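# Descriptive analysis of the structure
Chain residues, written in single-letter form:
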Amino acid sequence: MIGLIDCNSFYASCERVFRPDLKGRPIVVLSNNDGCIVAQSAEAKRMGIARGAPYHQNREFLESVNAEVFSSNYALYQDISNRVMDIVRRHVPRLEIYSIDEAFLFFEEDQKREGLERLAASLRSEVERCTGIPVSLGLGRSKTLAKVAERHSKREGGFFLLSPEKEEEILRETPVHSLWGIGRRKADFLGSRGITTALEFRNLEDWWVKKHLTVVTLYTLWELRGRSVISAELAPPPRKEIVSGITARTPLTTLSQMRQAMARHAQSAAAKLAGEKAVCSLISVSMNTNRFKENYSQSYKGLVLSRPLAYPPDIIKAAIDAMEEVFRPGLPYIRTAVNLGGLEPADGLEGDLFCSEEFRVSEERKRRLSLAQQEVVSRFGRMALVSGATGMKSKADLMNRDYLSPRYTTCWEDIPSCL
Ligand SMILES: [Mg+2]
């Protein structure tokens, strides 16, 4: 069985830990510079307050409903997340942290239902008692089913074990657009073919899904049938985060290999960030050994950035610093990834009113350098201008490509010889 643990309305719950008087009151959390709403408590969601909405347009309404408004405090959220994950790790040794407020838990195949229920109950109560954060937990035969179970658990008091006998009934009432990995676009396409529930989707034929959608969507279908096939690498990125990672052909065991890998991921995550015209306030790195082998372990470190970042070399440095804190030499890491969180629009961040002139000039220089890099990369390809920290290797150098044909047309060494 696989579990998904999720902290309920995480940012708002973190604020409530130190303000118990806010119990039952709507809470919203704003982006840096208090520009827009980035998180809401359940009460605020019920009032129709949307994520991403500009604060100034909603200020009067928020006042009228007696909502409490907070500027985002990522240092607090990351610290509480670390505490929650540490407690979970004590109960379940096989853990894959998925985002700042979610983790997948792996249980033994033969674990009995009663044992799982007991474990879930003590895990949830310990997290809430020690950190003040309410969590929900769903269990299913695959990650996708665990996600479905977690969603359903919100109606069941925070815990739901989706047994195979219950799957049909629960999938019938699960809208297809709420499935993990099925975005709005795919759901619209499926809807146009009359498929609106997860059960209708599960009953589709493999060839049809492969023909009209993607292979990863086919994996989602298999997962709904109880086959666990979505590895950390295939998992869709968490909402509100940018992920760049890879599962390597041969395990990475040394610090220098890991520095290069993290630099590469950070660089490509920074490029995606630039594409979205956003900045990030949180960065986390994860290094996993093979989940299907013994002694599975994940090294994970989340860092709070002292200010929002967008400049790729700054992001690369932060990723390497985070990695060095938790790297354990000799462990056969195969999956490595960098996540950027606390995302928000880059514009509107003029910097601190009181920052020095020197700082302002250096920020402006970084901004212009980033733009120049993007220009070079868009004209000459992703590898045209890269950070030296990456070891000048591309993602492809790490992948399984034993059957690759020579680069006949682009590499001197591979040009066919006719003598
Ligand atoms: Mg959550």
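The structure we're discussing is the one just above.
Quick notes on the rules
Residues numbered from 1 in each chain as written. Predicted model: local features only at pLDDT ≥ 70, side-chain atom pairs only at ≥ 80, totals over all residues. Heavy atoms only, no water. Pairing = 2+ DSSP bridges. Helix = DSSP H or I, 4+ residues; strand = E, 2+ residues; numbered from the N terminus. Axes fitted to C-alpha atoms, helices over the stretch in contact; angles between N-to-C directions. Core = buried A, V, L, I, M, F, W, Y, C linked by side-chain atoms within 4.5 Å. Buried < 20%, exposed > 50% of the residue type's maximum accessible area, 1.4 Å probe, protein only. Contact = heavy atoms within 4.5 Å. Salt bridge = Lys/Arg side-chain N within 4 Å of Asp/Glu carboxyl O. Phe/Tyr/Trp six-rings, centres within 6.5 Å; stacked < 30°, edge-to-face > 60°. Lys NZ or Arg CZ within 6 Å of the ring centre and 35° of its normal. Patch = residues over 30% accessible without salt bridge, like charges linked within 9 Å, V, L, I, M, F, W, Y side chains within 5 Å. Areas by Shrake-Rupley, 256 points an atom, 1.4 Å probe, with all protein chains shown as cover. Lys, Arg positive; Asp, Glu negative; His and termini not counted. Charge placed at Lys NZ, Arg CZ, Asp CG, Glu CD. Donors = N, O, S within 2.8 Å, 3.2 Å for Na, K, Ca; no water.

### Things to note about the sheet that holds strand β1 (residues 2-7)
The mixed open sheet is built from 5 strands, whose spatial order is β5-β6-β1-β7-β8. Two strands bound the open sheet, and with one partner strand each, they are β5 (95-99) and β8 (159-161). Strand after strand, the sheet turns through a mean of 15° between neighbouring axes, direction not considered. Direction of pairing for strand β7 (residues 135-140) relative to β8: parallel, over a ladder of 3 bridges.

### Observations regarding unusual backbone geometry
Glycine aside, negative phi is the norm for most residues, and most peptide bonds take the trans geometry. Despite not being glycine, Asn 66 shows a phi value in the positive range, around 60°. Mapped onto the secondary structure, Asn 66 falls in the loop between α3 (55-64) and β4 (68-71). Despite not being glycine, Asn 295 has its phi angle at roughly 55°, a positive value. Relative to the assigned elements, Asn 295 resides in the loop between β10 (278-289) and β11 (298-309).

### As for the nonpolar core
Grouped together as the largest cluster of nonpolar side chains are 35 residues, with contacts concentrated most on Ile 5, Phe 10, Tyr 11, Tyr 77, Val 88, Leu 105 and Ile 133. Take this core: its biggest share by element is 8 residues, from helix α4 (residues 74-91). Contacts of Tyr 11, omitting those with residues within four sequence positions, involve Val 29, Ala 39, Tyr 74, Tyr 77, Ile 100, Leu 282 and Gly 342. Core analysis: the second largest hydrophobic core is formed by 31 residues, Ala 266, Val 285, Ile 315 and Phe 327 among them.

### With respect to the sheet that holds β4
Spatially, the 3 strands line up as an open sheet ordered β3-β2-β4, and their pairing is mixed. Where the open sheet ends on each side, the last strands, each with one partner, are β3 (37-40) and β4. Taken over all neighbouring pairs, the strand axes of this sheet differ in orientation by 25° on average, direction set aside.

### A few points about the pattern of salt bridges
Under the defined criterion, the tally for this structure stands at 26 salt bridges. One salt bridge connects Glu 364 with Arg 368, and the closest N-O pair in it is separated by 3.8 Å. Taken together, the positions of Glu 364 and Arg 368, both in helix α14 (residues 357-380) and 4 residues apart, correspond to about one turn of that helix. What makes Glu 364 partly exposed here is its relative accessible area of 31%. Since its relative accessible area comes to 52%, Arg 368 is described here as exposed. Connected through shared salt-bridge partners, Arg 19, Asp 21, Arg 25 and Glu 68 make up one network.

### Overview of the packing of aromatic side chains
All told, the structure shown has 10 aromatic pairs when counted by the stated rule. When the centroid spacing of 5.9 Å and the interplanar angle of 80° are considered together, the rings of Tyr 11 and Tyr 74 count as edge-to-face. With Tyr 11 in helix α1 (residues 10-17) and Tyr 74 in helix α4, this pair connects stretches of sequence that are 63 residues apart. The burial state of Tyr 11 is the same as that of Tyr 74; both residues are buried. The structure contains a cluster of three or more aromatic residues connected by ring pairs, namely Phe 10, Tyr 11, Tyr 74 and Tyr 77. The side chain of Arg 227 reaches across the aromatic face of Trp 222, ending 4.3 Å from its centre. In this arrangement the basic side chain of Lys 240 is found over the ring face of Tyr 11, its NZ or CZ atom lying 5.6 Å from the centre.

### Some remarks on α1
With 6 of 8 residues buried, α1 is to be regarded as a mostly interior element. Taken residue by residue, α1 has Phe 10, Tyr 11, Ala 12, Ser 13, Cys 14 and Glu 15 as its buried positions. Residues of α1 that are buried make contact with β1, β2 (27-30), β3, β4, α4 and β10.

### What about a positive patch on the surface?
On the surface, a cluster of positive charge is contributed by Lys 45, Arg 51, Arg 239 and Lys 240. Residue placement: Lys 45 occurs in helix α2 (residues 42-46). Of the residues examined, Lys 45 reaches a relative accessible area of 45% and is grouped as partly exposed.

### Some details on the coordination of the magnesium ion
Protein ligation of the magnesium ion involves Asp 6 (OD), Cys 7 (O) and Asp 101 (OD), the donor distances falling in the range 2.2 to 2.5 Å. Read from N- to C-terminus, the donor residues coordinating the magnesium ion fall into the pattern D-C-x93-D. With Cys 7 in strand β1 and Asp 101 in the loop between β5 and β6 (102-106), this residue pair connects regions lying 94 residues apart in the sequence. Take Cys 7 and Asp 101: they sit in the same class, and that class is buried.

### Comments concerning helix α6 (residues 143-153)
With respect to burial, α6 is a largely interior element, 10 of its 11 residues being buried. Residues of α6 that are buried: Lys 143, Thr 144, Leu 145, Ala 146, Lys 147, Val 148, Ala 149, Glu 150, His 152 and Ser 153.

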